[in-house]
Structures are given as structure tokens and as C-alpha cells.
Amino acid sequence: MSNAVLSLDQVSKAYRVRQGLFGRKLPLHALQDIAFSLQKGEVVGLVGESGCGKSTLAKILLGLLNPSKGTVSMYGQPIADMPLRERASRVQPIFQDPYSSLNPRKTVAQIVGLPLNLLGIKSADRNRQVTDMLDLVGLPQRAAGSFPSQLSGGQRQRVAIARALIARPEILICDEPTSALDVSVQSQILNLLQDLRDELNLTLLLISHNLAVVRHMSDRVVVMYLGRIVEEAETQALFDSPQHPYTHALLDTVLRPVPGQGLPYLDIQGEFPNPIRPPSGCAFHPRCKLAMDRCKSERPVLSASDGHRSACFLHDVN
Amino acid sequence: MMLNVQGLSIEFKTENGILNAVCGVDLAVEHGEALGIVGESGCGKSVTMMGFLSLLPKTARRKADRIEFDGKDLIGISPRGMRPLLGNDIGVIFQDPMTALNPTYTIGNQLTEVYLKHRSASRKEAKERAIHLLDRVGITAAKSRLTQYPHQLSGGLRQRIMIAQALMCEPQLIIADEPTTALDVTVQAQILWLLKDIQSEIRASVILITHDLGVVAQMTDRVSVMYAGQIVESGQTTDVFSAPKHPYTRGLLSCIPGARHQGRLGQIHGIVPSLIGATPRGCVFRTRCPVATEACRTDIPHRKSGNDHSWRCTLSSAEGVWQ
Ligand SMILES: Nc1ncnc2c1ncn2[C@@H]1O[C@H](COP(=O)(O)OP(=O)(O)O)[C@@H](O)[C@H]1O
Ligand SMILES: Nc1ncnc2c1ncn2[C@@H]1O[C@H](COP(=O)(O)OP(=O)(O)O)[C@@H](O)[C@H]1O
Ligand SMILES: [Mg+2]
Ligand SMILES: [Mg+2]
């Protein structure tokens, strides 16, 4: 654990949501007992269907949201004890929608330079660093005076990356960074993220619902379902021998641009459950074709063998 | 032939000038065939569809040499004249069910309305047909759904309702515009199965519009690749994907993670050209093409090979590009 740049220990988050117009507020458990860590220089992929808690986790890692329980630590020190400025200089976000996350009334140079302002860096220095940063993310210098609305989606995402990197953070939390982009733009951004990672020795958490993207980019992959981690392994191990039936189904959904493979026969039924009323036992059991009686009443714990963690009773049987 | 579109061009009047959204598009769909129209956002897929269905807004101008549905001329027909066809012979599934379904109507109203409009059926018959179709598209407790409103349902359920609605009158042609783009991957697979099964069941033709090359590869017999308002390549899906001829098609395939085994993703440099103003002569992909030459500034030949595989390029083949 000593190498862990960022680690989560039994992190849970509950929102309180009102059911109906006059209903009372009920807890919605968006995250439950999340434990994993990011090692220096690693790219960790986080996958799962929408609503499983990925963005909540991202916000907690960024310190934008406090966990209801558990601790997030950076090099062993709880981030809750760190000054905001220090935390922000070390962990930075890249969000899905580069449009809504950029101030429309500010120029690219102002947007990218703002974090330096906050650090109290002088304007001459700031301008030089902004110029360098635009270069680094592949934006032309003339973009400096443009407003976000004058840029393409891919260029806006490059601005978001430049803004995230200007204070030289160690960790980037990327929440669906290419989901709003076309595939030709996505490949530009993914290649850029890979180059920057190598050049700056960044640690990346890459959140995506796109399995092919995660496989291409990640060293390790964490799979979530309804607020919990159901599987975690090195990328190759996860894709070659998935342990959890949910991971199996997710991997099957990948449609490759190779004709003749046909549609997948999914071993999964129904839709994602309502998180306010999670199923008993293993939350995945109503959709699982392999569910046993035990799965309805008991919840399997995440257990590891050879660094491959999964939470499923099938492995007790085998 | 189910649908035959030749020389379709569509322009919009905008504040900044004329926007050439679609330029000289040809499409042909045989009976029982599934055609994919694939390309990145803004390339003109939806406008093409709205164009041959006469559903364009007033700011649009359409030109076409031929638009025929099942041998019937549609160019001369007014938008009003299209009404007996839409929802009846042609079922359309739109990208976003929330905009296509009327939020103030119950599911039952939405489904029975089309049926009552086109068929001389009683309310009871229409309701029975609606329940049958909800069942068919995999919606449980179909009967009780009839009284619900669209916003009370999940995205996956709404998309199923849209499909049920498009199928109410057993259309000969189903057009689906990004039918699974807003859905989770597990639900996407279910919806695609549904479309495929129903197509073979009622032997309908399908036009599937999407930006997802994986979906096109598994769902269609033939494919047309669009770029900046033009079809740059089309042919049997197997031919186009296994031996793409146009540099854009090749580039696009190289950008997809997992399409090739490992290593760096391919890249198409630059950005899509503006569609505003006079269409420049020559190839629309020229400014981004790694193998463009002076010849690409002049008129671009339509090339053909083998079984109905055609592309627009000065090169007879783009083998070897995008290593
Ligand atoms: N601010 C909030 N208040 C109440 N519920 C929320 C809030 N944010 C997210 N949720 C709920 O928490 C769950 C997890 O959401 P989120 O973390 O956004 O998932 P994901 O990013 O995987 O789609 C969902 O059920 C979502 O509706
Ligand atoms: N009503 C409209 N007025 C002006 N321009 C439009 C209109 N609808 C679409 N366009 C433009 O036409 C082009 C093609 O759009 P569209 O067919 O929607 O693309 P897509 O391939 O993503 O479906 C785009 O440049 C778009 O901005
Ligand atoms: Mg999210
Ligand atoms: Mg569209």
C-alpha cells in the first residue's frame, strides 16, 4: 500500500432523496464499502452502467463531496485533513461535457490560467505557462483568445485537459472524458491522454461505460454494480477470464466493427434496479441467470485470489 | 426496391449563410434488407432521413432527382400527402424518445392513435394490438403500462415503447435513428435483438442510422458511410469493413479502440470542414486526408468494384494508408 497515491478505505455515500411529491426522504446508497487504490503512474479503469455510482466516486476523490463513511487518503494522509489548495494542486478532474464545464465568458487563456491565479503566480510567468500548456495539449496558440463556443468539441476537451494539467497535478480523475465525442475525436483525446501520462508520469482514473476504451487505456479495471465493486483485476486478466457474471455480460455487450460476429446472447435480463430499493442479497441476483437461492438472501463479499477480486458465490461452489 | 433515393441535396438558410447539410446523396434499400447509414455527428444522417420523408423544417430547401418508396414517387407528394405513409407503411424510431413521445399522452394513447388513424379499427382492437406489441417488445405488465406517462418510465422502456409505436401498423420499412445511443450497453443489446427479430418476423426493410460502427457491423447487410453531407463509400457491410476503400472509412475504423489489437489508436487529423457557403470543388475529405494530392481538388470520380461496392476518391484503392 505504500505506493498508493490515492486510496479508499470502506468509503460509503448515501444521498437522501424524496420519493414522489410529498413522500418522505429515503436514503439512496450510491456507494457502499468501496475499497481500492491507485498506484503511482497507473491507469485504472472504472466501469459500470449509469447510476452505479461512478461520478459520485469521482467527486469524492476530487474532494467535491464528502463520503458518509470511510476515508480517502493520499500517500496515506486523509485528504479531509489536507488544505483545499494542496489537494486541488494534486488531483484534477476532466469531465464528460467539455462545454458545460468551461466558463463561456472567459477566453481559453483565462480558463487555462485560472488555477495559476489562485496559486498566486505572476502574470508574465502565467502567460508563458499557458502558452506551453496549449502546445502540450495540441491546441494552436491562436486558440488562446477564443471563447469555448468558438471551438469544436475535441478542442474544448483539450482546453479542459490543459486547465487540469496547468498546476502539475499527479492524478487525473477522468469522468467519461470522451463519451460526448465522435470516435475520430475520441481517438485524438485518448492518444493525448496516453502521451501526457507517459510524459508527466500521471496517475489516471478513467471512468467510462465504454469497455473498449477502458480495455485500450487501463492497466487495471474496477467493475461496479449498484454502488459496490463486484470485480477488480489487471486488464488482461479481467478481459480474458472475468469472474463475476455481471462482468461477463458487460464484456459480451462490446460490439466490434467486425461483421459476422453477430449480436451477443446476453446472460443478463431486465434493467438496472432502483437504487432506493436495492434487491436483497447480491444486488445483481434478479438479472443473473446463474443465481442460486443463497444469492437472494446473502451478500457475497469481495474476495481476492492472485490479485483478482470478485464478489460472487459461484466461486465458493467451484 | 423498397426505397430509392437519387441525388438528394438539402440546404438550410442560417444566419451565417447557406448550410449545405446534404449533397448529392444516393440510397437504395431492397425489400427485406437492412441498410446502415454511418458517420460522425453533423455529417447529415438525420437530415437525410428527414429529407426523404418530407419532414424538413421550413428553413430547409430540398432537391432530388428521385425519391421512390416501393415504386411510388414521393418527390411530388406534399408533406400532408406523406401522412398516410408515415406510421403506417413507414415506421420511424427517433433518437430521443422523450422528444418523440408526447409527454401529456398516456402510453396507451400514443400507441392506439396511429393505429386508429390508419386502420378502420375499433378502440378495443387498437388497445389489444397495443398490448400485444408491448408484450412483443418485452414490456412486462403491458396492460397496466397503457395508463402510464412517458416520464414515469426508464430510458430503456421508453425506447421499447417507441419501437412498439413504430410497429403498430406493421410497416414495410423501419427507420431507426440512433435507437440505442442513449441507452446502457446491456439494454442496447436487448433493443438491437428486438429490432433484428422483428425485422425478420415481419420481413421489413430497415434503415439503421448510427455513429457506432460496431452496431452497423452486426446489424446491417449494406452500409453507406457519410462525411460532411456526402456518402463517401457504400457497399455490402462485410466488404466495406473488411476492405474499406475510402481513406475516411479506413481512418474511422482505425480510431476505434479494440478494432486492431493493440498499440496506438489511429487518428484523423484536423476537424470537419464548415458546411456553410458554396461547396468547394473536389473531395470533401481532402483537407484531412493523408494521401490527398492535387487531383483531389477537381471532380471526384465514383469508383466501383466487385459486388456493388462504390466510393468517391481519386485513388482506386486506399490500401496501405493508416498503418
Ligand atoms: N445529488 C444527488 N442527489 C440524490 N441522488 C443522487 C445525486 N447524485 C447522484 N445520485 C444518485 O446516485 C446514484 C449514483 O449516481 P452517479 O454517481 O451519478 O452514477 P454514475 O456516474 O455511475 O452514472 C444514482 O442512483 C443517482 O441517481
Ligand atoms: N434545422 C436546421 N437548421 C440549420 N442547420 C441544421 C438544421 N438541422 C441540421 N442542421 C445542420 O445540418 C448538418 C447535418 O445535421 P444532422 O443530419 O442532424 O447530422 P447527424 O449526422 O448528426 O444526424 C449539421 O451541420 C447540422 O448542424
Ligand atoms: Mg456519471
Ligand atoms: Mg442525427
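In what follows, the structure referred to is the one given above.
Since this is a predicted model, take the numbers as computed values, not measurements. (Residues numbered from 1 in each chain as written. Chains lettered and ligands numbered in written order. Predicted model: local features only at pLDDT ≥ 70, side-chain atom pairs only at ≥ 80, totals over all residues. Heavy atoms only, no water.)

S.K.: Got a minute to help me understand the overall build of chain B in this structure?
M.R.: Broken down by element type, chain B carries eleven helices and 13 strands. Relative to the globule expectation of 20 Å for 323 residues, the C-alpha radius of gyration of chain B, 21 Å, shows essentially globular dimensions. Along the first, second and third principal axes, the C-alpha set of chain B runs to 65 × 50 × 40 Å. Evaluated residue by residue, chain B yields a buried proportion of 54% over its 323 residues. Taking the contacts inside chain B whose residues are at least 6 apart along the sequence as the reference set, 65% of them involve residues at least 24 apart. Counting every atom, chain B has about 14200 Å² of accessible surface; 50% of that belongs to carbon and sulfur. In chain B, which carries 35 positive and 30 negative side-chain charges, the distance between the mean positions of the two groups comes to 4 Å. (Helix = DSSP H or I, 4+ residues; strand = E, 2+ residues; numbered from the N terminus. Rg over C-alpha atoms; globule rule 2.2 N^0.38 Å. Buried < 20%, exposed > 50% of the residue type's maximum accessible area, 1.4 Å probe, protein only. Contact = heavy atoms within 4.5 Å. Areas by Shrake-Rupley, 256 points an atom, 1.4 Å probe, with all protein chains shown as cover. Lys, Arg positive; Asp, Glu negative; His and termini not counted. Charge placed at Lys NZ, Arg CZ, Asp CG, Glu CD.)

S.K.: Help me understand the site of ligand 1 in this model?
M.R.: All names here are of chain A. The environment of ligand 1 is formed by 13 residues, the closest being G51, G53, K54, S55 and T56. Separating an oxygen atom of ligand 1 from a backbone N or O atom of K54 is a distance of 2.9 Å. For ligand 1, whose unbound accessible area comes to 560 Å², protein coverage reaches 66%. When contributions to the shell around ligand 1 are tallied by element, the ones reaching two or more residues are β1 (4-18), β2 (25-39) and α1 (54-61). Considering each element in turn, the shell around ligand 1 owes the most residues, three residues, to α1. The residue inventory of the shell around ligand 1, partitioned by class, reads six nonpolar, five polar and two charged. (Near = heavy atom within 4 Å. Polar contact = N/O pair within 3.5 Å; in protein donor to acceptor, adjacent residues only side chain to side chain. Nonpolar A, V, L, I, M, F, W, Y, C, P; charged D, E, K, R; others polar.)

S.K.: It is not clear to me how the packing of aromatic side chains should be interpreted in this structure. Could you clarify?
M.R.: Think of a pair of aromatic rings as described by two things: how far the centres are apart, and how the planes are tilted against each other in angle. All names here are of chain A. Overall, the coordinates contain eight aromatic pairs over all chains when judged by the stated rule. Consider the rings of Y225 and F284, whose centres lie 5.1 Å apart with planes at 80 degrees: the pair is edge-to-face. Placement of Y225 in strand β9 (residues 220-225) and of F284 in the loop between α9 (245-252) and α10 (293-297) is noted, with a sequence separation of 59 residues between them. With respect to burial, Y225 and F284 carry one shared label: buried. Three or more aromatic residues link up through ring pairs in this structure, and these residues are Y225, Y246, F272 and F284. Here the guanidinium or amino end of R294 rests over the ring plane of F313, the centre of that ring lying 3.8 Å away. (Phe/Tyr/Trp six-rings, centres within 6.5 Å; stacked < 30°, edge-to-face > 60°. Lys NZ or Arg CZ within 6 Å of the ring centre and 35° of its normal.)

S.K.: Honestly, the packing of helix α7 (residues 155-167) of chain B against helix α8 (residues 185-202) of chain B in this entry has me stumped. Any pointers?
M.R.: Two quantities define a packed helix pair, namely the angle between the axes and the distance from one axis to the other. Residues and elements named next belong to chain B. Between α7 and α8, the shortest axis-to-axis distance is 10 Å and the interhelical angle comes to 10 degrees. On the basis of the axis angle, α7 is roughly parallel to α8. When the axes of α7 and α8 are compared, the crossing they make is right-handed. Counting all contacts with α7, which are made through G156, Q159, R160, I163 and L167, the residues of α8 involved are V187, Q190, I191, L194, L195, I198 and I202. Along the lines of polarity and charge, the residues of the contact of α7 with α8 split into eight nonpolar, three polar and one charged. (Axes fitted to C-alpha atoms, helices over the stretch in contact; angles between N-to-C directions. Parallel < 35°, antiparallel > 145°, perpendicular 65-115°, else oblique. Left-handed = near helix turned anticlockwise from the far one by under 90°.)

S.K.: Sorry if this is basic, but what is going on with the interface of chain B and chain A here?
M.R.: In many analyses, interface size is given as the accessible surface area lost on bringing the parts together. Contact with chain B, which involves 43 residues of that partner, is made by 36 residues of chain A. At the boundary of chain B with chain A, the tally comes to one salt bridge. Note that R264(B) and D195(A) form a salt bridge whose closest N and O atoms lie 2.9 Å from each other. If you look at where chain B meets chain A, you find 17 residue pairs in polar contact (both at pLDDT 80 or more). Counting only elements with at least two residues in the side of chain B that touches chain A, the list comes to α7, α8, α9 (213-219), α10 (237-242) and α11 (247-254) of chain B. Counting residues per element, the side of chain B that touches chain A draws most heavily on α8(B), at nine residues. Each residue belonging to the side of chain B that touches chain A can be placed in one class, and the counts come to 20 nonpolar, 17 polar and six charged. (Salt bridge = Lys/Arg side-chain N within 4 Å of Asp/Glu carboxyl O.)

S.K.: I'm lost on the sheet that holds strand β4 (residues 69-74) of chain A in this one. Help?
M.R.: What links the strands of a sheet is backbone hydrogen bonding, and the strands pair in either a parallel or an antiparallel sense. Residue and element names in this part refer to chain A. Strand order in the open sheet made by the four strands is β2-β1-β4-β5, with antiparallel pairing throughout. Every other strand in the sheet has two partners, leaving β2 and β5 (77-78) as the edge strands with one partner each. With respect to the sheet, α1 is in contact with β1, β2 and β4, its orientation differing from that of β1 by roughly 120 degrees. (Pairing = 2+ DSSP bridges.)

S.K.: I keep staring at the side chain of S234(B) and nothing clicks. Help me out?
M.R.: Residues and elements named next belong to chain B. With respect to the secondary-structure elements, S234 resides in strand β11 (residues 230-236). Residue class for S234 comes out buried when judged on its relative accessible area of 11%. Filtering out sequence-adjacent residues up to four positions away, S234 remains in contact with V223, S224, V240, D308, H309 and S310.

S.K.: Got a minute to help me understand the layout of surface pockets in this structure?
M.R.: Which parts of space are left empty comes out when a probe the size of a water molecule is rolled across the atoms. Counted as a void, the second largest pocket has a volume near 690 Å³. Its residues assigned to classes, the lining of the second largest pocket shows 16 nonpolar, six polar and four charged. (1 Å grid on protein atoms, 1.4 Å probe; cavity = no way out; pocket = protein on both sides within 12 Å on 5 of 7 lines; lining within 4 Å. Points joined across faces, edges and corners; volume = space filled by probe spheres on them.)

S.K.: Sorry, what's going on with a positive patch on the surface here?
M.R.: Residues R16(A), R18(A), R24(A) and K25(A) make up a contiguous surface patch of positive charge. Mapping R16(A) onto the fold places it in strand β1. (Patch = residues over 30% accessible without salt bridge, like charges linked within 9 Å, V, L, I, M, F, W, Y side chains within 5 Å.)

S.K.: Would you mind showing me how to read empty space enclosed by the protein here?
M.R.: Residues and elements named next belong to chain A. As enumerated under the stated definition, the model contains four cavities of 30 Å³ or more in all. Taken as a whole, the largest cavity spans an internal volume of roughly 90 Å³. Every residue lining the largest cavity is counted, 15 residues in all, and those nearest its centre are P245, C282, C288, C295 and C312. Grouping the constituent residues of the lining of the largest cavity by class yields 13 nonpolar, two polar and no charged.

S.K.: What is the right way to read the site of ligand 2 from this model?
M.R.: All names here are of chain B. Near ligand 2 lie 14 residues; those nearest to it are G42, G44, K45, S46 and V47. Backbone polar atom of G42 to an oxygen atom of ligand 2: 2.7 Å apart, as the coordinates give it. Contact between ligand 2 and G44: an oxygen atom at 3.0 Å from a main-chain N or O atom of the residue. Coverage of ligand 2 by the protein chains reaches 66% of its 560 Å² of free accessible surface. Every element with two or more residues in the shell around ligand 2 is listed here: β1 (3-14), β2 (17-29) and α1 (45-52). Counting residues per element, the shell around ligand 2 draws most heavily on α1, at three residues. For the shell around ligand 2, the class distribution of residues is seven nonpolar, five polar and two charged.

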